[in-house]
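Below, each chain spelled out in residue letters.
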Amino acid sequence: MKILVTVKEVAAVDDEFEVDGLAIDDRYLTYDLNEWDEYAIEEAVQIAEAGEDVEVVTVTVGPEDAEDTIRQALAKGADRAIRVWDDAIAEAGLLDPGTKAQLLEAVVATEEPDLILSGVQAGDDAFGATGVTLASRLGWEWAAVVNDLELGDDVATVHRELEGGVEELTDVELPAVLTIQTGINDPRYASLRGIRQAQQKELAVQSLADVGLDSDVLDSPIEQTSLYEPESEGEATIYEGSADETAADLAELLREQGVAQ
Amino acid sequence: MTVLVVAEHRRGELRDASLELLTAGRQLADATGGELHVAVVSGDVESYADQLNREGVDAIHTVADGEEFNHDVYTQAVEQLFEAVEPTVLLLPNSVNGLDYAPAVAERLDIPLVTDAVDFDYGDGLTVTREMYGSKVETTMDVDAPQAAVTVRPAEWPKAEGTGDATVEAFDAAIDESAVRSTVTGYQEVGGGDIDISDADVLVSVGRGIEEEDNLDIIHDLAEALDATVSASRPIVDNGWLPKDRQVGQSGKVVTPDVYIAIGISGAVQHVAGMKGADTIVAINNDPNAPIFDIADYGIQDDLFDVVPALTEQFS
Ligand SMILES: Cc1cc2nc3c(=O)[nH]c(=O)nc-3n(C[C@H](O)[C@H](O)[C@H](O)COP(=O)(O)OP(=O)(O)OC[C@H]3O[C@@H](n4cnc5c(N)ncnc54)[C@H](O)[C@@H]3O)c2cc1C
């Protein structure tokens, strides 16, 4: 069995930052493995550890800089990695879920996995749509926001985490794309041995041409036209001063509100 | 232009997101003097149609197939309705179920999809406003296509009110049962501990800023000094540091205490969904740009490891 896990490097914004055109200046960004993907990798690795012959392959659409992050996934137990990128993709600007799904579909065509796990969303652009779009393109079944998974021969029995503390129990025919929610498992830290081994594992880079696509796939009807810091709508009273001073001010407020009396 | 909105319900109840979608849909239809159509799929569609018949709704289409949400049925029904109604914009909720079928509908219809809209505009074409990087920035997206799908952030638009005089029509969707390859077998409530945080008057709520499990001691100390209950954002619960029923938010509990003290919590939309109804919101966070300050009444922009012990001290 082969499990393909979609993995993304995401950027988090520093406390202070400046917008530069349609992006945030790179000085203010810190890159890391997408939180939701971490759980997807762990889930795949646990399935591999429990089963006979399971290969876990990660696929990333991202630049060379993402390789440190991809190695993290390899260090946690994925067997090998694929990274799709070239100059044309780099110049395309925003990659919407439809575009990403087409790139991933091309990889699926050659890899022929039995199961695909992806994160519910990416922490930076938060589209939350790539996994289900990919399933639909493949004609596969799917389930979004999965926080419990049991694999059978032909069926995945999943819990989908709905709003308000309710879970939906669903049987999904395989092959399927499942988008994984945080909390489904307890992601491991990469061991030193894992980190060493990750350096030896295959990380294949594929261009659009390598995956059999031409640059038409990058023509997106969705164009990002502005990026800005929203006006704060907040009317919060901010206490100023040392921690002791602000704590004293807040304590006074809480007493006025009848707290701890 | 016509806007087609798809309502959401669960276990016999129309969800608030449906009525919010009507408001959002009306805003968009008004921008071009168009019509607002509403679809409701599965379950007691007659009763849902009654509740959806609010001011500003022109037509309601009911699809009777199925009892509860099943994405294979929804995807087919909405695809067929879209082809019959030919809307310019299809609006769906950015709920967990919305995320489970909107991308499939858009892909099948070969129309662009923009998720989690917080605003939109229709000038030369559709422009959607959404957030990125945990709500720290907003971005606008122009959609260059004759038709598009958009999912709408819950609780961003008010619920539609009044009674309408929409036409209600049953739509005969041809559901291909062989393409229904997922089965919803039931529901399960998240296990309850011994404390119901939704009953608490004062909540001391802790987020990822606390960094380590052992550091939770300072939060428990503060809660004890304030005679308050401890709740948390999702990462704390994901890490197993507090039980699931202490989670505040979209997938956790909705709380409405007199005072909610958010400590080291950024204020992600899914967290805010659970606590914005608190009477007084206090935020302690060292990032002055954290979105939690947008909804807080009082704030301290400082290190929680300095402020929290100092605050506890004030009460001992
Ligand atoms: C479908 C779905 C459902 C979800 N449901 C929920 C839900 O029900 N509840 C929920 O909470 N989340 C939910 N989430 C997750 C949500 O998107 C966020 O990931 C989560 O709320 C972030 O938690 P946080 O604010 O504690 O962590 P972060 O976003 O990491 O924020 C930590 C904050 O702590 C601050 N901080 C760090 N160190 C310090 C310090 N020393 N002093 C002061 N401040 C400090 C930082 O500035 C930051 O603002 C859901 C997500 C999805 C996709």
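Residues numbered from 1 in each chain as written. Chains lettered and ligands numbered in written order. Predicted model: local features only at pLDDT ≥ 70, side-chain atom pairs only at ≥ 80, totals over all residues. Heavy atoms only, no water.

## Quick word on helix H2 (residues 45-52) of chain B
Residues and elements named next belong to chain B. Heads up, the rule is: Accessible area is worked out with a 1.4 Å probe on protein chains only. A residue is then buried under 20% of its type maximum, exposed over 50%, and partly exposed in between. Under the DSSP-based scheme used, a helix requires at least four consecutive residues in state H or I and a strand at least two consecutive residues in state E, with every element numbered from the N terminus. For this quantity, the arc is that covered by the directions from the helix axis to the C-beta atoms. Note on contacts: a residue pair is in contact if any heavy atoms of the two residues lie within 4.5 Å.
Here H2 has its buried residues at Val 45, Tyr 48, Ala 49 and Leu 52. One side of H2 holds all its buried residues, which, seen down the axis, span an arc of 105°. For H2, exposure combined with an orientation more than 90 degrees from the buried face picks out Glu 46 and Asp 50. Those residues of H2 that are buried are in contact with strand E2 (9-10), strand E3 (13-14), helix H1 (16-30), strand E4 (35-41), strand E5 (59-63) and strand E12 (167-170).

## Focus on the interface of chain B and chain A
Convention followed: The term buried area denotes the loss of accessible surface (1.4 Å probe radius) that occurs when two parts are joined, taken as the sum for both partners. In what follows, salt bridge is the name for a side-chain nitrogen of Lys or Arg lying within 4 Å of a carboxyl oxygen of Asp or Glu.
With 83 residues of chain B in contact, the opposing surface of chain A contributes 81 residues. When chain B packs against chain A, close to 7100 Å² is buried across both sides, 53% of that on carbon and sulfur atoms. Where chain B touches chain A, the interface holds 7 salt bridges. Among the salt bridges present, the one from Glu 167 of chain A reaches Lys 244 of chain B, with a minimum N-O distance of 3.4 Å.

## Description of the pattern of salt bridges
A pair can form between side chains of opposite charge whenever their charged atoms are brought close. Throughout the structure, instances matching the rule amount to 31 salt bridges over all chains. One salt bridge connects Glu 35 of chain A with Arg 208 of chain B, and the closest N-O pair in it is separated by 3.0 Å. With Glu 35 of chain A in helix H1 (residues 35-50) and Arg 208 of chain B in the loop between strand E14 (202-206) and helix H5 (216-226), this pair bridges two chains. You can call Glu 35 of chain A partly exposed: its relative accessible area is 21%. Among the charged side chains, a network of salt bridges with common partners joins Lys 2, Glu 55, Arg 80 and Glu 111 of chain A.

## Things to note about the UniProt feature "domain: Electron transfer flavoprotein alpha/beta-subunit N-terminal" (unreviewed entry) in chain A
Formally: UniProt positions are given in the numbering used here, feature names are shortened, and annotations may be inferred rather than shown by experiment.
Feature annotation in UniProt places "domain: Electron transfer flavoprotein alpha/beta-subunit N-terminal" (unreviewed entry) on residues 21-215 of chain A, given in this structure's numbering. Between the end C-alpha atoms of residues 21-215 of chain A the distance is 24 Å, and the span holds 32% helix and 30% strand.

## Comments concerning the sheet that holds strand E7 (residues 80-84) of chain A
Applied cut-off: Any two strands with at least two DSSP-identified bridges between them are counted as paired. For helices, the axis comes from a line fit to the C-alpha atoms of the stretch in contact; other axes are also lines fit to C-alpha atoms, and the angle between any two N-to-C directions lies between 0 and 180 degrees.
Overall, mixed pairing links the 10 strands, which are arranged E13(A)-E7(A)-E6(A)-E1(A)-E8(A)-E12(A)-E9(A)-E10(A)-E11(A)-E13(B) in an open sheet. The open sheet terminates on both sides in strands that have one partner only, identified here as strand E13 (203-206) of chain A together with strand E13 (182-189) of chain B. For this sheet, the mean angle separating the axes of adjacent strands, direction not counted, is 35°. On the sheet, helix H4 (residues 97-111) of chain A packs against strand E1 (2-6), strand E6 (55-61), E7, strand E8 (115-119) and E13 of chain A and is oriented at approximately 150° with respect to E6 of chain A. Sheet contacts for helix H4 (residues 96-109) of chain B: strand E9 (141-151), strand E10 (155-161) and strand E11 (166-173) of chain A; angle to E9 of chain A, the most-contacted strand, approximately 135°.

## Examining the site of the ligand
Rules: Near residues are defined by distance, with any heavy atom within 4 Å of the molecule or strand qualifying the residue. We define a polar contact as two N or O atoms separated by no more than 3.5 Å, with the added condition that, inside protein, one atom must be a possible hydrogen donor and the other a possible acceptor, whereas residues neighbouring each other in sequence contribute only through side-chain atom pairs. All residues other than Ala, Val, Leu, Ile, Met, Phe, Trp, Tyr, Cys, Pro, Asp, Glu, Lys and Arg, Gly among them, are scored as polar; the first ten of these are nonpolar and the last four charged.
Residues in contact with the ligand amount to 28 residues; listed here are only the nearest, Ser 233, Ser 251, Ser 266, Gln 270 and Asn 285 of chain B. With respect to the ligand, its neighbouring residues span chains A and B. Here an oxygen atom of the ligand and a backbone polar atom of Arg 208 of chain B are 2.8 Å apart. Separating an oxygen atom of the ligand from a side-chain N or O atom of Asn 285 of chain B is a distance of 2.8 Å. When contributions to the shell around the ligand are tallied by element, the ones reaching two or more residues are helix H6 (234-238), helix H7 (269-275) and helix H9 (304-314) of chain B. Looking at the shell around the ligand residue by residue, the classes come out as 7 nonpolar, 16 polar and 5 charged.

## Details of the confidence of the model for chain B
Quick reminder of the rule: pLDDT: the predictor's confidence for each residue, scored from 0 to 100.
For chain B, mean pLDDT is 96; residues scoring 70 or higher make up 100% of the total. Reported confidence for the predicted complex is 0.96 by ipTM and 0.97 by pTM.

## Considerations on the pairing of E5 of chain B
Residue and element names in this part refer to chain B. Selection criterion: Handedness rule for crossovers: strands pointing away from the viewer, path from the first strand over the helix to the second running clockwise, crossover right-handed.
Within E5, 5 of the 5 residues are buried, which leaves it mostly tucked inside the rest of the structure. Strand direction decides the pairing type here: E4 and E5, joined by 5 bridges, are parallel. Directly across from Ala 39, in E5, lies its bridge partner His 61. Handedness of the crossover joining E4 and E5 through H2 is recorded here as right-handed.

## Concerning the domain arrangement of chain B
One frequent convention defines the size of an interface as the accessible area lost when the parts assemble. Residue and element names in this part refer to chain B. For the record, the criterion: Here the bounds of each domain stem from an automatic or database domain assignment.
One can read the domain layout of chain B as domain 1 (2-179) and domain 2 (202-315). Computed from C-alpha coordinates alone, the two centres of domain 1 and domain 2 are separated by 34 Å. Both faces considered, domain 1 and domain 2 share a buried interface measuring about 470 Å² in area, 58% of it formed by carbon and sulfur atoms. Interface area lost by domain 1 to domain 2 is led by Ser 135, Lys 136 and Arg 153, which between them contribute 60%. The tally of links from domain 1 across to domain 2 stands at 1 salt bridge. Note that Lys 136 is salt-bridged to Asp 287, the shortest N-O span being 2.8 Å. Taken together, domain 1 and domain 2 are joined by 1 residue pair in polar contact (both at pLDDT 80 or more).

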